[in-house]
Amino acid sequence: MSDDSEPAVDPEAVSHVAGLARVDLDGDERERFAEQFADILAAFEALDEVPETDQEAQLANVMRPDEVREGLSQAAALRNAPETEDGFFKGPPVS
Amino acid sequence: MTAQAAETEDLATVIGLEVHVQLETDTKIFCGCSTEPAEEPNANTCPVCLGLPGALPVVNEGAVEAAVRVGKAIDADIPEETTFHRKNYYYPDLPKNFQITQYDAPICADGELEFSVGGERRTVGIRRAHLEEDPGSLQHKGGSIDTADYTLVDYNRAGTPLMEIVTRPDFRSADEVRAFLAKLEEVLEYLGVFDSSRDGSLRVDANLSLVDADDVAADGTVDEAVLEAANRTEVKNISSHRGAEKALAYEETRQKNAIERGRAVEQETRHWDESKGVTLSMRSKEEEKDYRYFREADLPPLRVADWRERLAIPELPDARRERFQAEYGLSEEAASKLTSTKQVADFFEDVAEAFDPDLAATWVADELLGELNYRDMAVTDVADRFDEIERLVELVATDEITAKNARETVLRSMLDDGEGPDEIVEEAGLGKTSGDEVQQAVEAAIEENPDAVADYHDGEDGAINFLVGQVMGKTGGSADPGDVNQLLREELEG
């Protein structure tokens, strides 16, 4: 999997995923993250060594009744926001 | 591209829909925040719908029940197990950077809906219907979406339960789409899971392509491979059935024009601009694989197939229409009008029970709906005045006012000026004159017109009519001419 000649995640893939996440990466960063992805995936290969165990019985139908529960006040909801305006979260233009 | 070379008359239109409807629950789909419209932004939120770290979603049982009811109404299968997925994309209306939706195991599969259009019955297949959460709402400030200076975000709507209903590409015209959407709204309102008057309660994306008319089979279906080969556009941002009809008629013409001029139809996403009445090309968005769908591990699967039996649904519009025809002897047209919304149908049955089905049908289907239509009003606009309208029917049923006055004066004033029927009857002096007054007028007319009385006894036909006219004049037109005629004859013969 972590064959050096053909990395699992190449710089193009890093660039594509960064684009989807609206993250701007420069050329160096693309290369570096591609290498790091290879390391991370290699680390996860350790899981292949773990013996299989029986799966626990799966939960199903976990639901709550359709009853209103008090949430956050507007002030509390906005408290961590870097910028607000008239009770709204405020951010850069998006299209 | 088979369509490319063809004359546009030889082309057939193929349309499929993705309809998002808001389910009427008290709370959001994954948290206990209220879905009532709030006056202030960000007033109905909590850690779950704000996507704060560590917050865990729990499914609203009411939303699942509503979805199963919808499935039952569209004759869909409810699979043994249904699961939720995360659809990843980065946009500020999604605080978690993913939307919880359903992917390969939707709660409803393989349904259909029958509707009529231009007097013809049509059935459209429904591929699937699934539950998902609504994103928040954005305001682009200081310009249009492309030129704005900044963005304001309100998460009150984030987490509102939606159902996305995906049809098969079975529509052949924009007209059919409008009729289907109207019928879908009707059925959902009957189920009590949808409120069409709510802002943004219906949103439609439509796929439209043109294929060679020869590729449409006799049963109206089109081969998958033909559809795959035809370039289609996806039209987004449609928010009503009338909007859908206009947007798709526009898009159909646009594609035909392109083909006529020998240009290719681009496979793309287009945005319906309601105010300008055009569809505009949108910057191409992510492909499906870019959404990186994966199982929502915070939500265990649902096993609700048996709810289909457990949950009752009310009589639906088609069944009710047929019953109205059989039970009340109504024409198909009247029965269709009366079952077009549950509100009207319920009101009709109340009035029919209280007075008389024929009178109820005339007053609800013809008079009320006619006057509302003339004023561009909907039944929902007078839903809180049903008592008053029922009172008006009572005034007619008990002979207190004439049907003509009820229709031409009282109902119209009620709708135009908002007054109640009794006030209008009193102000306009429309109450039928009491028996005593009519009797006095009859006696006076006979006394004052000896010549006419003599003519009557000589067998002259016109005499009685002259006397009726005299009585009507004395009572200001409020007496019933038939009654007056009768009274005069009794008086003259007696």
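Just above sits the structure.
Quick caveat, the model's predicted, so the values are computed rather than measured.

1. A look at the overall build of chain A
Counting its secondary structure elements, chain A contains three helices and three strands. Taken from the N to the C terminus, the helices and strands of chain A come in the order α-α-β-α-β-β. Projected onto its principal axes, the C-alpha positions of chain A cover 55 × 45 × 20 Å. Within chain A, the fraction of its 95 residues that count as buried is 16%. In chain A, once contacts between residues fewer than 6 apart in sequence are set aside, the share between residues at least 24 apart is 27%. Of the roughly 7,500 Å² of accessible surface on chain A, a fraction of 49% belongs to carbon and sulfur atoms. Between the mean site of the 7 positive side-chain charges and the mean site of the 24 negative ones, chain A shows a separation of 15 Å.

2. Concerning the interface of chain A and chain B
If you look at the interface, chain A gives 33 residues, while chain B gives 52 residues. Summed over both partners, the interface of chain A with chain B comes to about 3,500 Å²; 56% of that surface belongs to carbon and sulfur atoms. Linking chain A to chain B there are 23 residue pairs in polar contact (both at pLDDT 80 or more). Listed by contribution, the elements that provide at least two residues to the side of chain A that touches chain B are helix H1 (11-20), strand E1 (63-64), helix H3 (74-78) and strand E3 (88-91) of chain A. At four residues, E3 of chain A tops the list of elements feeding residues into the side of chain A that touches chain B. Taken together, the residues of the side of chain A that touches chain B sort by class into 17 nonpolar, eight polar and eight charged.

3. Some points on the pattern of salt bridges
In the structure shown here, the tally under the stated rule is 46 salt bridges over all chains. Two residues, Glu 83 of chain A and Lys 90 of chain A, come together in a salt bridge whose shortest N-O distance is 3.8 Å. The residue Lys 404 of chain B makes a salt bridge to Glu 408 of chain B at a minimum N-O spacing of 3.6 Å. Placement of both Lys 404 of chain B and Glu 408 of chain B in helix H12 (residues 403-417) is noted, with a separation of four residues, approximately one turn of the helix. Three or more residues are tied together by salt bridges with common partners; here these are Glu 315, Arg 320, Arg 323, Glu 327, Lys 342, Asp 346 and Glu 349 of chain B.

4. Details of the environment of Glu 52 of chain A
Residue and element names in this part refer to chain A. You can see Glu 52 is positioned in the loop between helix H2 (27-44) and E1. With relative accessibility at 83%, the residue Glu 52 sits in the exposed group. Taking the C-alpha atoms as reference points, Glu 52 and Phe 33, separated by 19 residues in sequence, lie 31 Å from one another.

5. Quick word on the sheet that holds strand E3 (residues 85-88) of chain B
The strands making up a sheet are joined through hydrogen bonds of the backbone, oriented either antiparallel or parallel. All names here are of chain B. Within the open sheet, the three strands sit side by side as E4-E3-E14. Their pairing is antiparallel. Both edges of this open sheet fall to strand E4 (98-101) and strand E14 (294-295), since each of them pairs with a single strand only. Pairing of E3 with E4, which is carried by four bridges, proceeds in the antiparallel orientation. Pairing of His 85 across the sheet is with Thr 101, part of E4.

6. Thoughts on the sheet that holds strand E10 (residues 202-212) of chain B
Residue and element names in this part refer to chain B. Strand order in this open sheet of eight strands is E5-E6-E9-E1-E10-E11-E12-E13, and the pairing throughout is mixed. Bordering the open sheet on either side are strand E5 (108-117) and strand E13 (278-281), each of which pairs with just one other strand. Direction aside, neighbouring strands of the sheet carry axes that sit 30° apart on average. The pairing of strand E1 (residues 11-22) with strand E9 (residues 161-167) spans five bridges and is antiparallel. The residue bridging Val 21 from the neighbouring strand is Met 163, located in E9.

About the criteria used
Note that residues are indexed from 1 along each chain, following the sequence as it is written. Labels are handed out in written order, letters beginning with A for the chains and numbers beginning with 1 for the ligands. Given that the model is predicted, a residue must reach a pLDDT of at least 70 before its local features are reported, and side-chain atom pairs must reach 80 or more before they are shown or counted; all residues, however, enter totals for whole chains, interfaces and linings. Note that water and hydrogens are dropped before the side-chain values are worked out from all heavy atoms of the structure. Each helix is a run of H or I in the DSSP string that is no shorter than four residues. Each strand is a run of E no shorter than two, and both are numbered from the N terminus. Throughout, exposure labels follow a simple rule: accessible area from a 1.4 Å probe, protein chains only, divided by the maximum for the residue type, with under 20% read as buried, over 50% as exposed, and the rest as partly exposed. Contact definition: two residues touch when any of their heavy atoms are within 4.5 Å. Per-residue and other accessible areas were derived by the Shrake-Rupley procedure at a 1.4 Å probe size, with only the shown protein chains allowed to occlude residues. Neither His nor the chain ends contribute to the count of charged residues, in which Lys and Arg are positive and Asp and Glu negative. Each charge is placed at NZ for Lys, CZ for Arg, CG for Asp and CD for Glu. Here the buried area means the combined drop in accessible surface, using a 1.4 Å probe, for two parts upon being joined, counting both sides. For the purposes of these results, a polar contact is taken to be a pair of N or O atoms within 3.5 Å, where, inside protein, one atom must be able to donate a hydrogen and its partner to accept one; residues adjacent in sequence count only when each atom of the pair is a side-chain atom. Residue type decides the class: Asp, Glu, Lys and Arg count as charged, Ala, Val, Leu, Ile, Met, Phe, Trp, Tyr, Cys and Pro as nonpolar, and the leftover types, Gly among them, as polar. By convention in these notes, a salt bridge is any Lys or Arg side-chain nitrogen within 4 Å of a carboxyl oxygen on Asp or Glu. Any two strands with at least two DSSP bridges between them are considered paired. Here an angle of 0 to 180 degrees is reported between the N-to-C directions of two axes, which are lines fitted to C-alpha atoms, with helices fitted over the stretch in contact.

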